[in-house]
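Examination of the molecular architecture
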Protein chains: 2
Amino acid sequence: MTTINDIAKRANVSRTTVSRALNNSGYVSEDARKRIMKIVEETGYMPNQSAKSLRTKRSGVIGVILPRLSTETSTRVVNGINEVLAKEGFQILLTDTELDSKKEIEYIRLLKSRHVDGIILLATNVNDELIQTIRDVDLPFLAIGQDLPEVTSLVYDDYHASADLTNMLIHKGHHKIAFIGVSREDPSVGVKREQAFRDVMEREGGVVQDHWMGTGDFSIDSGYEEMKKILRASGKNRPSAVYAVTDRMAIGAMEYLKEQGYRIPEDMAVVGIGASSMSQYVSPSLTTIDYFNKKAGQQAAELLLAKLKNEKLEQKFELTYRLILRDSV
Amino acid sequence: MTTINDIAKRANVSRTTVSRALNNSGYVSEDARKRIMKIVEETGYMPNQSAKSLRTKRSGVIGVILPRLSTETSTRVVNGINEVLAKEGFQILLTDTELDSKKEIEYIRLLKSRHVDGIILLATNVNDELIQTIRDVDLPFLAIGQDLPEVTSLVYDDYHASADLTNMLIHKGHHKIAFIGVSREDPSVGVKREQAFRDVMEREGGVVQDHWMGTGDFSIDSGYEEMKKILRASGKNRPSAVYAVTDRMAIGAMEYLKEQGYRIPEDMAVVGIGASSMSQYVSPSLTTIDYFNKKAGQQAAELLLAKLKNEKLEQKFELTYRLILRDSV
DNA sequence: CATTGGCATGTAATCGATTACACATTTCAT
DNA sequence: ATGAAATGTGTAATCGATTACATGCCAATG
């Protein structure tokens, strides 16, 4: 591997001058610069980033922590992040917690030791140890998806999105609505979306029954199973609509309904959240909410870049959403 | 930030001993080890990876180069890679070429300068400069998806998969088959899949017509558009089946067909390749080929790890596939 | 008792860059 | 003409780890 010393020798200058030429810092004569650049071209020299990073404390790498690598939401967010960061010459160091909140903390510290310049966390839960760790590592930090105290957070407006969706169902004449949620450990998806649903139902005189409330695990299968449970438990007194807090679970629910001969939306309306690409192509196409995940990723990256430039930021940013009305309602 | 020197001071030993304790190399007394570990615990010390990597030439990071970050195929492969690497304590440095083959080369060199221990490339094309660059950087290297000369490659058996799919259509009674492919610059998807299609059609007496052959760009929209073109060009002499080389294009084609009132599969059978999650939930469900992408990622990671341990490997590995018969045929 | 070898630790070089500081030369304003 | 400022380059310290080599101690061996 060629080093800066090799370049220096071949160009008959000291490595200081080479460094200056490469980084456009300090004075370098036109003559020396040309000689150096020519040799750099010829050899394909690239500075050793470990050495550089050791000395400068900056690495040009941003750590990204995902709850799951294989969901559409994550992918879209990462895509947005990458689009912005790549343009600025940053690389992404990717980690996947597999929904394990211990790993979240472990990875934050690991990324710190790897000298990343900043961290973007796709958060799924909130706890004190996490907050403490983020404070400890003292790095430019950005959270997406949950409102972490004392951390710059980009949050989806889960409450109002969910409220809008519920309202829409009610105004289409549905008063008996089943609900498929997820664990309460997820404040955004598990708590806020359900809370808004309950609030609107109460306010608008909707009917909420315990056995119409299911709890899935984000998977298509769990949507299917929860739908099955709900229908079995309801007997004659059936809901006329089902609201699943994610598209995948909504699609699972649709599968079961279709299998059982229900017509959608005539016999049962179905809605989800997430605007997954699937939602558009299932039959009937699924009414859902678009959270503009890619945009969120881009914005997160931009905010992080601003932080790197020491700009002071607000602490909380609300993201927008959009209701997509399709044929399942 | 606490360094190895801080630990050494506080434990009353030299940093050499701390290093030995941390890496389990050389002799360290039980006493010293305990003192050191206690302080490491207390301070949450983590070795500076840049320094470590500068000295040892190893970083514990594997570079992964993707053609697109946002496709299901990429995601699944990365997922497989990550599963295996994370277990061994490796991190992934992710890059996205946005299908630009210049960036492929640029990123390979960039990753080298970042001291990655190895590179996995999800390849989409083959050219001399790429091969040369791979040779130049002289790193443990693994390609997935294209057969790169002199590089350990994991390749999908595109030819036989495509042949099987075509054969299946013919044995279901389809002799007039439209084909939606992609650019020939992609040897696997663009060339092999089409070649197999043509070979089988010829061998089995199928009918191939130029205006039944479309060329899309992997997107759902292009599938839709190519289908439209094909139907418009065919007039009364229509094919009875359409074979799109990716699920997304097949789904686009289905959209158009449904819009035009065709029944699938009665009026027109449709098949794709990729076993995307969507393929299962569109109506009718799509007949396709599963390439086990995640498995491919895992295997790639395992092979790369073997390379890191200096094991000699074969150069070419064929991956298996599976035909999934569903309702669209 | 002298020698050998295992154990424990430390000294200092090293990896490849950046950068504070020093020094020399040239340019420029007064 | 002269001192100040601008320009160009080099020396050597530094970042935080690993590791070759040296040293000292102690027990075992013959």
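1. What to know about the overall build of chain A
The secondary structure content of chain A amounts to 13 helices and 12 strands. Taken over the C-alpha trace, chain A has a radius of gyration of 26 Å; the compact-globule value for 329 residues is 20 Å, which it surpasses by more than 25%. Along the three orthogonal principal directions, the C-alpha set of chain A runs to about 90 × 40 × 30 Å. Within chain A, residue pairs in contact and separated by at least 24 positions form 69% of the contacts whose partners lie at least 6 positions apart. When the accessible surface of chain A is totalled, it reaches about 14800 Å², and 46% of it is carbon and sulfur. In chain A, the 44 positive side-chain charges and the 45 negative ones have mean positions that sit 6 Å from each other.

2. Observations concerning the interface of chain B and chain A
Contact with chain B, which involves 43 residues of that partner, is made by 43 residues of chain A. Taking both sides of the interface into account, the surface hidden between chain B and chain A amounts to around 4000 Å²; carbon and sulfur atoms contribute 57%. Interface area lost by chain B to chain A is led by Gln91, Arg114 and Tyr281 of chain B, which between them contribute 18%. On the surface where chain B and chain A come into contact, there are 0 salt bridges. Where chain B touches chain A, the interface holds 18 residue pairs in polar contact (both at pLDDT 80 or more). Put simply, the parts of the chain that give the side of chain B that touches chain A at least two residues each are α4 (49-56), α5 (72-87), β2 (91-96), α6 (101-113), α11 (247-259) and α12 (277-281) of chain B. The dominant element in the side of chain B that touches chain A, judged by the number of residues it contributes, is β2 of chain B, at 6 residues. Two elements, strand β2 (residues 91-96) of chain A and β2 of chain B, share 3 bridges in a ladder whose sense is antiparallel.

3. A short note on the relation of the copies chain B and chain A
Superposing chain B onto chain A takes a rotation of 180° combined with a translation of 0.0 Å along the rotation axis, leaving an RMSD of 0.1 Å. Accordingly, the operation relating the two chain copies is best matched by a two-fold axis. When the interface residues of chain B are mapped onto chain A, 100% of them again lie at the interface, so the same face is used by both copies.

4. Looking at the sheet that holds strand β3 (residues 118-122) of chain B
Taken in spatial order, the 12 strands make up an open sheet running β11(A)-β5(A)-β4(A)-β3(A)-β1(A)-β2(A)-β2(B)-β1(B)-β3(B)-β4(B)-β5(B)-β11(B), and their pairing is mixed. Both outer strands of the open sheet, β11 (316-319) of chain A together with β11 (316-319) of chain B, are each paired with one neighbouring strand and no more. The average angle at which neighbouring strand axes cross in this sheet is 20°, direction not considered. With 6 bridges joining them, strand β1 (residues 61-66) of chain A and β2 of chain A adopt parallel strand pairing. Considered in β2 of chain A, the bridge of Gly63 of chain A is made with Leu93 of chain A.

5. Here we look at the sheet that holds strand β6 (residues 177-182) of chain B
Residues and elements named next belong to chain B. Spatially, β7-β6-β8-β9 is the arrangement adopted by the 4 strands of the open sheet, whose pairing is parallel. Looking at the sheet topology across the chains shown, the edges are occupied by β7 (213-216) and β9 (269-271). The mean inter-strand angle of the sheet, taken between neighbouring strand axes irrespective of direction, is 15°. Two strands pair when backbone bridges link them, and β6 and β7 are joined in this way by 4 bridges, in the parallel orientation. Each residue of the ladder has a partner; that of Ile180, found in β7, is Gly214. Against the sheet, helix α8 (residues 158-171) engages β6, β8 (241-244) and β9, with an angle of about 170° to β8. In this fold helix α9 (residues 187-203) packs onto β6, β7 and β8, with an angle of close to 160° to the strand it touches most, β6.

6. Digging into the protein's contact with DNA strand D
Among the 27 residues in the neighbourhood of DNA strand D, the closest are listed as Thr16 of chain A together with Ile4, Ser19, Asn48 and Arg55 of chain B. A breakdown of the atoms of DNA strand D within 4 Å of the protein gives sugar and phosphate a share of 56%. Interatomic distance of 2.9 Å between a side-chain N/O atom of Arg20 of chain A and a base nitrogen of DNA strand D. The set of elements that each furnish at least two residues to the surface near DNA strand D consists of α2 (15-23) and α4 (49-56) of chain A together with α2 (15-23) and α4 of chain B. Here the surface near DNA strand D gets 5 residues from one element, more than from any other, and that element is α4 of chain B. In the surface near DNA strand D, the residues fall into 10 nonpolar, 10 polar and 7 charged.

7. Looking at the protein's contact with DNA strand C
Residues in close proximity to DNA strand C total 29 residues, the closest being Ile4, Ser19 and Arg55 of chain A together with Ser14 and Thr16 of chain B. Of what DNA strand C places within 4 Å of the protein, 57% of the atoms are sugar or phosphate. A distance of 2.5 Å separates a phosphate oxygen of DNA strand C from a polar side-chain atom of Ser19 of chain A. Contact distances for DNA strand C include 2.7 Å between a base oxygen and a side-chain N or O atom of Arg55 of chain B. Of all the secondary-structure elements, those providing two or more residues to the surface near DNA strand C are α2 and α4 of chain A together with α2 and α4 of chain B. Per-element tally for the surface near DNA strand C: the top contributor is α4 of chain A, with 5 residues. Across the surface near DNA strand C, the residue classes tally to 11 nonpolar, 11 polar and 7 charged.

8. Remarks on helix α5 (residues 72-87) of chain A
Structurally, the α-helix is built with 3.6 residues per turn, so residues lying three or four positions apart point the same way. Residue and element names in this part refer to chain A. In a regular helix each residue adds 1.5 Å, so 16 residues correspond to 22 Å; α5 covers 23 Å between its end C-alpha atoms and thus fits that length. Taken residue by residue, α5 has Ser74, Thr75, Val77, Val78, Asn79, Gly80, Ile81, Asn82, Val84 and Leu85 as its buried positions. Immediately beyond the C-terminal end of α5, within one or two residues, lies Gly89, with a positive phi of roughly 80°.

9. Overview of the packing of aromatic side chains
All names here are of chain A. Applying the stated rule across the entire model yields 10 aromatic pairs over all chains. A ring pair is formed by Tyr156 and Tyr291, whose centres lie 4.7 Å apart and whose planes are at 15°; its orientation type is stacked. Separated by 135 residues along the polypeptide, Tyr156 in strand β5 (residues 153-156) and Tyr291 in the loop between β10 (288-290) and α13 (293-308) bring together distant segments of the chain. By the burial criterion, Tyr156 is buried, and Tyr291 matches it. Three or more aromatic residues link up through ring pairs in this structure, and these residues are Phe179, Phe197 and Tyr243.

10. Some thoughts on the domain arrangement of chain A
Per the domain assignment, the segments of chain A are domain 1 (4-47), domain 2 (58-156 + 293-319) and domain 3 (158-290). Spacing between the C-alpha centres of domain 1 of chain A and domain 2 of chain A amounts to 36 Å.

11. Thoughts on the environment of Val77 of chain A
All names here are of chain A. Within the element layout of this structure, Val77 appears in helix α5. On the accessibility criterion, Val77 (0% relative accessible area) is buried. Along the primary structure Val77 and Lys34 are separated by 43 residues, whereas in three dimensions their C-alpha atoms are 42 Å apart. Those residues within four positions of Val77 in sequence are excluded, and the remaining contacts are Leu122, Ile144, Tyr156, Asn293 and Gly297.

12. Let's talk about unusual backbone geometry
Each neighbour pair has its own omega, and for Ile264 of chain A with Pro265 of chain A the value is 5°, a cis peptide bond. For Pro265 of chain A, the position within the fold is in the loop between α11 (247-259) and β9 (269-271). Positioned with a positive phi, Lys57 of chain B is a non-glycine residue whose angle comes to about 70°. Of note, the phi angle at Leu99 of chain B is positive, near 65°, even though the residue is not glycine. In this fold, Leu99 of chain B is placed in the loop between β2 and α6.

Criteria and thresholds
Residues numbered from 1 in each chain as written. Chains lettered and ligands numbered in written order. Predicted model: local features only at pLDDT ≥ 70, side-chain atom pairs only at ≥ 80, totals over all residues. Heavy atoms only, no water. Helix = DSSP H or I, 4+ residues; strand = E, 2+ residues; numbered from the N terminus. Rg over C-alpha atoms; globule rule 2.2 N^0.38 Å. Contact = heavy atoms within 4.5 Å. Areas by Shrake-Rupley, 256 points an atom, 1.4 Å probe, with all protein chains shown as cover. Lys, Arg positive; Asp, Glu negative; His and termini not counted. Charge placed at Lys NZ, Arg CZ, Asp CG, Glu CD. Buried area = accessible area lost by both parts, 1.4 Å probe. Salt bridge = Lys/Arg side-chain N within 4 Å of Asp/Glu carboxyl O. Polar contact = N/O pair within 3.5 Å; in protein donor to acceptor, adjacent residues only side chain to side chain. Pairing = 2+ DSSP bridges. Least-squares fit on C-alpha atoms with pLDDT ≥ 70 in both. Axes fitted to C-alpha atoms, helices over the stretch in contact; angles between N-to-C directions. Near = heavy atom within 4 Å. Nonpolar A, V, L, I, M, F, W, Y, C, P; charged D, E, K, R; others polar. Expected span 1.5 Å × (residues − 1). Buried < 20%, exposed > 50% of the residue type's maximum accessible area, 1.4 Å probe, protein only. Phe/Tyr/Trp six-rings, centres within 6.5 Å; stacked < 30°, edge-to-face > 60°. Domains from an automatic or database assignment.

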